[in-house]
Amino acid sequence: MHILVIGGAGYIGSHVVKALLKNGMDVTVFDNLSSGDRINYFQGAEYIEDDILNIPALEKALSNNIDAVIHLAAKKAVGESMEKPELYAVNNICGAINILNAMSKFGVKNLIFSSSAAVYGIPEYVPMDENHPINPISFYGFTKSDMEKYFEWYDALKGIKFVSLRYFNAVGYDEDGDVKGLDKNPQNLLPIVMETAKGIRSQMSIFGNDYDTPDGTCIRDYIHVTDLADAHVRAVKYLSDGGKSQKINLGTEKGVSVLEMVTRAEKLIGKKINFSFAPRRAGDPPILLSSAHKAKEVLGWSAGNSSDIDNIILSTWKVYNL
């Protein structure tokens, strides 16, 4: 099979490309390198450096006997999405529509989409399954939920089948060290922990220590990116075997608090991580926890040993010390 990975030079995308190549698939990557990095290029894959807003370039890529598209290219900073929604509307929504239209034009019928638990908003119950109400509280989350509605219509009208993979907290790095590109301008917890341990930041903030959790800090479901990549491969095979469209959570069903992550990192890497508590951030729920039953049922997937918290921390620390 020939797979077009849009956003395949980025953090998650590069791990997905490695997994596809390992499974014997032909891979073309389409990436504008706004957050991706050439250091993540893999031998054996073809690379096109262009933008999903450039419709002729996108159509040219999709005209090359593509069997499935994996779409990971999007802006993803929650805070920025609330300040600059126009950027997220154009890149995330218009960009995805361009992909759908190009797929329709060239008869490409299978799409794997990088979605997010942000579509759910504040949990009404945990663990959250795919039937949980959709009520995003950020414009970023809205763009993901909005695109899932477009996919449903293009499935009904154009026969494009999709699997929308709703990630919880993607973390960690390739254990073999083949993915070396660090996230640019990180907004997520673990890269910030690493930058603080390295002295890139003098200290970090933990937002809120008065939540109704055992240590007062937020609890999140952290899934290793290698496990995420495996789910993408399984989703490609599922659709190629004639599977129907699906929306599927990807998580471990286990929670780790922010303070647990920081203190465990200190112990494993032997570095003092300077932090202070700061007021809660608006919209941060106390607990986000996935139900991954559907992923196991539909894709035969569940989080593996890669998502052990120690492996998550150590695989990330290794890349920060290359």
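See the structure printed just above.
Residues numbered from 1 in each chain as written. Predicted model: local features only at pLDDT ≥ 70, side-chain atom pairs only at ≥ 80, totals over all residues. Heavy atoms only, no water.

### Quick notes on the overall build of the protein
Phase 1 of the analysis: If you tally the helices and strands in the protein, you get 10 helices and 13 strands.
Phase 2 of the analysis: Whereas a compact globule of 322 residues would reach a radius of gyration of roughly 20 Å, the protein reaches 19 Å, a difference of no more than 12%.
Phase 3 of the analysis: A principal-axis box enclosing the C-alpha atoms of the protein has dimensions of 55 × 40 × 40 Å.
Phase 4 of the analysis: With 322 residues in all, the protein has 54% of them scored as buried.
Phase 5 of the analysis: Within the protein, contacts between residues separated by at least 24 positions form 77% of all contacts whose residues are at least 6 apart in sequence. (Helix = DSSP H or I, 4+ residues; strand = E, 2+ residues; numbered from the N terminus. Rg over C-alpha atoms; globule rule 2.2 N^0.38 Å. Buried < 20%, exposed > 50% of the residue type's maximum accessible area, 1.4 Å probe, protein only. Contact = heavy atoms within 4.5 Å.)

### Thoughts on the environment of Trp317
Phase 1 of the analysis: If you trace the backbone, Trp317 turns up in helix α10 (residues 309-319).
Phase 2 of the analysis: Each C-alpha atom, one on Trp317 and one on Tyr173, is 8.8 Å from the other, the two residues being 144 residues apart in sequence.
Phase 3 of the analysis: Residue contacts for Trp317: discarding those within four places in its chain leaves Met194, Ala197, Lys198, Ile269 and Lys271.

### Here's the deal with the environment of Ser245
Phase 1 of the analysis: Topologically, Ser245 is positioned in the loop between α7 (225-240) and β11 (246-250).
Phase 2 of the analysis: Among the residues examined, Ser245 registers a relative accessible area of 18% and is labelled buried.
Phase 3 of the analysis: For Ser245 and Ala229, which are 16 residues apart along the polypeptide, the C-alpha to C-alpha distance reads 19 Å.
Phase 4 of the analysis: With near-sequence residues (within four places) excluded, Ser245 lies in contact with Asp155, Ile160, Lys161 and Phe162.
Phase 5 of the analysis: A distance of 2.8 Å separates a polar atom in the side chain of Ser245 from a polar atom in the side chain of Asp155.
Phase 6 of the analysis: In this structure the side chain of Ser245 is engaged in a polar contact, spanning 3.0 Å, whose partner is the backbone nitrogen of Phe162. (Polar contact = N/O pair within 3.5 Å; in protein donor to acceptor, adjacent residues only side chain to side chain.)

### What about the nonpolar core?
Phase 1 of the analysis: Core analysis: the largest hydrophobic core is formed by 41 residues, its most contacted members being Val5, Ile12, Leu20 and Ile70.
Phase 2 of the analysis: Elements that contribute at least two residues to this core include exactly β1 (2-6), α1 (11-22), β2 (26-31), β4 (68-71), β6 (161-167), α7, β11 and α9 (293-299).
Phase 3 of the analysis: Counting residues per element, this core draws most heavily on α7, at 9 residues.
Phase 4 of the analysis: The contacts of Leu20, once residues within four sequence positions are left out, are Ile3, Val5, Met25, Val27, Ile70 and Val233.
Phase 5 of the analysis: Counting residues in hydrophobic clusters, the runner-up holds 26 residues, among them Leu4, Ile99, Ala102 and Ile160. (Core = buried A, V, L, I, M, F, W, Y, C linked by side-chain atoms within 4.5 Å.)

### Section: the packing of aromatic side chains
Phase 1 of the analysis: In total, this model carries 6 aromatic pairs according to the counting rule given.
Phase 2 of the analysis: Aromatic side chains Phe151 and Phe162 sit 5.5 Å apart centroid to centroid with 45 degrees between the ring planes, which places their arrangement in the tilted category. Of this pair, Phe151 sits in helix α5 (residues 139-158) while Phe162 sits in strand β6, and the two are 11 residues apart along the sequence.
Phase 3 of the analysis: Connected via pairs of aromatic rings, a cluster forms that spans Phe113, Phe151 and Phe162.
Phase 4 of the analysis: The ring of Trp317 is capped by Lys198, whose NZ or CZ atom sits 5.8 Å from the centre of that ring. (Phe/Tyr/Trp six-rings, centres within 6.5 Å; stacked < 30°, edge-to-face > 60°. Lys NZ or Arg CZ within 6 Å of the ring centre and 35° of its normal.)

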